[in-house]
Amino acid sequence: MQSSVLKLSHINLYAQCAGAAKMITRTPKTDATEAQQEGILAHETLVELAHGRNAPNEATDEMIAHAVTYLESLTPLLEEDQVLKGFEVPVQLYLAHGHIVKGRADFLAYDEKTKTVIVHDYKYGHTPISAEYDLQTLIYAVAAYPMAKRALLAIEQPRSFAEKRSTYVYEKDKFMQAQIYARGVIFNAAQEDAELTPGAHCAKCPARAICPSLNYNALSLSESADKYPVTQETTPAQLSRELTFLSRVQTVVDARVAALRDEAAHQIASGSRVPGYTLKSASSRLEWMVDKAVLAALAEQYGLQLMKPPEPVTPLQAVAKGLPEEVMQLHAVRKQGALKLHEMTQREISKKLEA
């Protein structure tokens, strides 16, 4: 397996399914999703500000505010002359038979005095991630400073639905044990015959659309559910068995359905026809097309409060506050939401055939 196959950013997935590494390399390249594009822009904003440059033009006020807060949390480390540190630090881990696994850490620091490596990762998603169980930050520490005796891991998630920051410290023996486990995960993923293991993790796997194991298990479990014995009375034991079984079915089938929907949407967007399906805008929204200075002038002209720091209110909220709708329409534009896969009704199909 070539060095480019394994990515440190996928190590948490490899821990759940070692075979995912090989499958991901076979997956055709697709455009980044809106969420991925947003995450990329948020990281670009952070890097630019960290180096004293202006944020990208596309960066929102929210992105800039979160990046500034993150950088402020690093101030003590940035001001410490005796600590090595850097942003967007490339790291690589050497494996047997010449394999090299590469990645890039958002922020890395090393205190030679205490032999402590510090990894401070920045994630812009909503799903909470625990530093204690995140192998990505751990392997960054291991790969960057293998001589370290201690690791301090931190994950900053400004938009998390739970805690905004998660930290964990590995001391001496525990750090060594964690290193062995993380290296083992990567070693297993590097094998040509690495096993595919379907489960809840399939929902975020880039290879889910072409994974034969997910396909087989989803269909197999669906057929099994159809044959599941149904009784009039359910004992606690029967309830437990059925709930566990159907939960397993739902997890795998949902992942497979999501994969198929994504692939169908990609095929249609590429010009292919998928019978019974089309793409539709999920929603549309009004957005201001003028800067804050113009909105501030409108607010003063009509005696309204149109700002809710750090962003202005939405166009429709402005109308609700008393801004004339015709004035709002002069300064706003309706943007269509992302195209989503839509299963056509029989009436829609008939109308299309008539046309």
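Peer 1: How do you make sense of the overall build of the protein when you look at a structure like this?
Peer 2: When helices and strands are counted, the protein shows 13 helices and eleven strands. A burial count over the protein gives 38% of its 355 residues as buried. Considering only residue pairs separated by 6 or more positions, the protein has 63% of its internal contacts joining residues 24 or more positions apart. For the protein, the exposed area adds up to about 21400 Å²; of that, 53% sits on carbon and sulfur atoms.

Peer 1: Sorry, what's going on with the packing of helix 6 (residues 135-144) against helix 7 (residues 172-189) here?
Peer 2: Pairs of packed helices are described in terms of their axes, by the angle between the two and the distance that separates them. Remark: helix 6 packs on helix 7, axes separated minimally by 10 Å, with the N-to-C direction vectors making an angle of 105 degrees. With respect to each other, helix 6 and helix 7 are oriented roughly perpendicular. Where helix 6 approaches helix 7, its residues Leu135, Leu138, Ile139 and Val142 are matched on the opposing element by Phe175, Ala178, Gln179, Tyr181, Ala182, Arg183, Val185 and Ile186. Considered class by class, the residues forming the contact of helix 6 with helix 7 number ten nonpolar, one polar and one charged.

Peer 1: Just checking my understanding: could you explain the packing of aromatic side chains for this structure?
Peer 2: Aromatic ring pairs are defined here through the distance separating the ring centres and the angle between the ring planes. A complete count under the given rule lists six aromatic pairs for this structure. Between the aromatic rings of Tyr110 and Tyr145, the centroid separation amounts to 4.5 Å while the plane-to-plane angle is 5 degrees, which identifies the pairing as stacked. Linking Tyr110 in strand 2 (residues 100-111) with Tyr145 in the loop between helix 6 and strand 4 (150-156), this pair joins segments that are 35 residues apart in sequence. Each member of the pair Tyr110 and Tyr145 is classed as buried. Judged by centre distance (6.3 Å) and plane angle (35 degrees), the rings of Tyr170 and Phe175 are tilted. Each member of the pair, Tyr170 together with Phe175, is buried.

Peer 1: So what exactly am I meant to see when it comes to the side chain of Ser160 here?
Peer 2: Positionally, Ser160 belongs in the loop between strand 4 and strand 5 (165-171). Of note is the side chain of Ser160, whose polar atom sits 3.0 Å from the backbone nitrogen of Ala162. Within the local environment of Ser160, its side chain forms a polar contact with the backbone oxygen of Glu163, the two atoms lying 3.1 Å apart.

Peer 1: How do you make sense of the packing of helix 3 (residues 34-50) against helix 4 (residues 61-73) when you look at a structure like this?
Peer 2: At a minimum axis separation of 9 Å, helix 3 and helix 4 run at an interaxial angle of 50 degrees. Considering the angle they form, helix 3 stands oblique to helix 4. Regarding helix 3 and helix 4, the two cross each other, and that crossing is right-handed. Of helix 4, the residues touching helix 3 (which contributes Glu38, Leu41, Ala42, Thr45, Leu46, Leu49 and Ala50) are Met63, Ile64, Ala67, Val68, Tyr70 and Leu71. Residues belonging to the contact of helix 3 with helix 4 are distributed by class as follows: eleven nonpolar, one polar and one charged.

What counts and how
- Throughout, a residue's number is its position along its own chain's written sequence, starting from 1.
- Only residues with pLDDT of at least 70 get local features here, since the model is predicted, and only at 80 or more are side-chain atom pairs given and counted; chain-wide, interface and lining totals rely on the full set of residues.
- To obtain the side-chain values, all non-hydrogen atoms of the structure were included, while hydrogens and water were left out.
- Strands here are runs of E lasting at least two residues and helices are runs of H or I lasting at least four, both read from the DSSP assignment and numbered beginning at the N terminus.
- Exposed residues in this analysis have more than 50% of their type's maximum accessible area, buried residues have under 20%, and partly exposed residues fall in between, with area computed by a 1.4 Å probe over protein chains only.
- Note on contacts: a residue pair qualifies if any of its non-hydrogen atoms lie within 4.5 Å across the two residues.
- Note on areas: Shrake-Rupley, 1.4 Å probe, and residue coverage restricted to the protein chains presented here.
- Orientation is described by lines fitted to C-alpha atoms, with helices fitted over the stretch in contact, and by angles between N-to-C directions that extend from 0 to 180 degrees.
- Orientation categories follow fixed angle ranges, with anything under 35 degrees roughly parallel, anything over 145 roughly antiparallel, 65 to 115 roughly perpendicular, and all other angles oblique.
- The classification used treats Ala, Val, Leu, Ile, Met, Phe, Trp, Tyr, Cys and Pro as nonpolar, Asp, Glu, Lys and Arg as charged, and all other residues, Gly among them, as polar.
- Stacked, tilted and edge-to-face are the three classes assigned to paired rings of Phe, Tyr and Trp, where Trp is represented by its six-membered ring and a pair needs centres within 6.5 Å; plane angles under 30 degrees give stacked, over 60 edge-to-face, the rest tilted.
- Any N or O atom pair separated by 3.5 Å or less is treated as a polar contact, with the protein-specific requirement of one donor-capable and one acceptor-capable atom, and with residues adjacent in sequence counted only for side-chain atom pairs.
- Left-handed describes a crossing whose near helix is turned anticlockwise from the far helix by less than a right angle; the clockwise case is right-handed.

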